[in-house]
Amino acid sequence: GAVVSQHPSRVICKSGTSVKIECRSLDFQATTMFWYRQFPKQSLMLMATSNEGSKATYEQGVEKDKFLINHASLTLSTLTVTSAHPEDSSFYICSARGTGNTEAFFGQGTRLTVV
Amino acid sequence: AQSVSQHNHHVILSEAASLELGCNYSYGGTVNLFWYVQYPGQHLQLLLKYFSGDPLVKGIKGFEAEFIKSKFSFNLRKPSVQWSDTAEYFCAVNAPNTDKLIFGTGTRLQVFP
């Protein structure tokens, strides 16, 4: 299957700082990218959907000013957690889907710890 | 609210036992259905998917799933599990007319030798 690379895999940051997570599709053009958050021993919660060149569509309850999503190219989307707080500590996962392809491919995830 | 439900939260089996994990969804219309597996410390991997056609879908590692439209179900099965099948299993639905892939709550499977 297609490869989606997410970076970094782990990050620890101080409370109040911002963290950027990158999601890259390595061998296909990702017209749509999804960002999920996974709490320990729980399912993936969809945070937002982004289409290349458009503003992201956020799910209800997700603060768009806190979780900034940029999908500026067909191979890269970024999630920036602004002014991070300990409650933002979580596992963030991206997935990407190409044009006409209903299968989404997942990145390895990023473990964010805010101290 | 529209959702994806997985009834079994934690399943414990011995090797060679048969497995069936339930998945129900509440979306009307045409849906695409998926089962993903997450091995400990690894990212999500696709086990199998259903878009159309034969409702009995065969996936990797001996897994299969059956789409029953009348029951809004897409249960995952494997005749004989192995210790290496220990993982978290997620059912997911591509909601109609949207880009969204919605996940169920997941089922943790533990297989003991």
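Going by the structure above, here's the rest.
All values reported here derive from a predicted model rather than from experimental measurement.

The rules behind these values
- Residues numbered from 1 in each chain as written.
- Chains lettered and ligands numbered in written order.
- Predicted model: local features only at pLDDT ≥ 70, side-chain atom pairs only at ≥ 80, totals over all residues.
- Heavy atoms only, no water.
- Helix = DSSP H or I, 4+ residues; strand = E, 2+ residues; numbered from the N terminus.
- Rg over C-alpha atoms; globule rule 2.2 N^0.38 Å.
- Contact = heavy atoms within 4.5 Å.
- Areas by Shrake-Rupley, 256 points an atom, 1.4 Å probe, with all protein chains shown as cover.
- Lys, Arg positive; Asp, Glu negative; His and termini not counted.
- Charge placed at Lys NZ, Arg CZ, Asp CG, Glu CD.
- Pairing = 2+ DSSP bridges.
- Disulfide = S-S within 2.5 Å.
- Buried < 20%, exposed > 50% of the residue type's maximum accessible area, 1.4 Å probe, protein only.

A.B. asks: Explain the overall build of chain A to me, and be specific about the residues and the numbers.
C.D. replies: Regarding its fold elements, chain A presents zero helices and 11 strands. For chain A, the succession of helices and strands along the chain, N to C, is β-β-β-β-β-β-β-β-β-β-β. For 115 residues, the compact-globule formula gives about 13 Å, and the C-alpha radius of gyration of chain A, at 13 Å, lands near that figure. Projected onto its principal axes, the C-alpha positions of chain A cover 40 × 25 × 20 Å. Expressed as a percentage of contacts within chain A between residues at least 6 apart in sequence, the contacts between residues at least 24 apart total 54%. Carbon and sulfur atoms make up 50% of the accessible area of chain A, which totals about 5600 Å². Of the charged side chains in chain A, 11 are positive and 9 negative, and the gap between their average positions amounts to 6 Å.

A.B. asks: Would you mind going over the environment of B:Ala95 in detail, with residue names and values included?
C.D. replies: Residues and elements named next belong to chain B. Within the element layout of this structure, Ala 95 appears in the loop between β10 (87–94) and β11 (101–103). C-alpha separation for the pair Ala 95 and Ser 3, spaced 92 residues apart in sequence, amounts to 9.3 Å. Leave out the neighbours within four places in its chain, and Ala 95 touches Tyr 27 and Lys 100.

A.B. asks: Lay out the pairing of strand β12 (residues 107–112) of chain B in plain terms, naming residues and giving numbers.
C.D. replies: Residue and element names in this part refer to chain B. Direction of pairing for strand β2 (residues 10–14) relative to β12: parallel, over a ladder of five bridges. Residue Val 11 lies in a different strand from β12, and its bridge partner there is Leu 109. Here β10 runs beside β12; their pairing, made up of three bridges, is antiparallel. Among the inter-strand pairings, Ala 87 is bridged to a residue of β12, identified as Leu 109.

A.B. asks: Which residues make up the state of the cysteines, and what values do they have?
C.D. replies: With the rule as written, the count across this model stands at two disulfides over all chains. Between the sulfur of A:Cys23 and that of A:Cys94 lies a disulfide, 2.0 Å long from S to S. In this structure the cystine formed by A:Cys23 and A:Cys94 twists about its S-S bond by roughly 80°; its chirality is therefore right-handed. Taken together, the positions of A:Cys23 in strand β3 (residues 19–25) and A:Cys94 in strand β9 (residues 90–98) put the pair 71 residues apart, joining distant regions of the chain. For A:Cys23, a relative accessible area of 0% translates into the label buried. Residue class for A:Cys94 comes out buried when judged on its relative accessible area of 0%. Residue pairing for B:Cys23: its cysteine sulfur links by disulfide to B:Cys91, the two sulfurs lying 1.9 Å apart. The sign of the -65° torsion about the S-S bond sets the B:Cys23-B:Cys91 disulfide as left-handed. Note that B:Cys23 is positioned in the loop between β3 (19–21) and β4 (24–25) and B:Cys91 in strand β10, a separation of 68 residues in sequence. Pair check on accessibility: B:Cys23 and B:Cys91 agree, each one buried.

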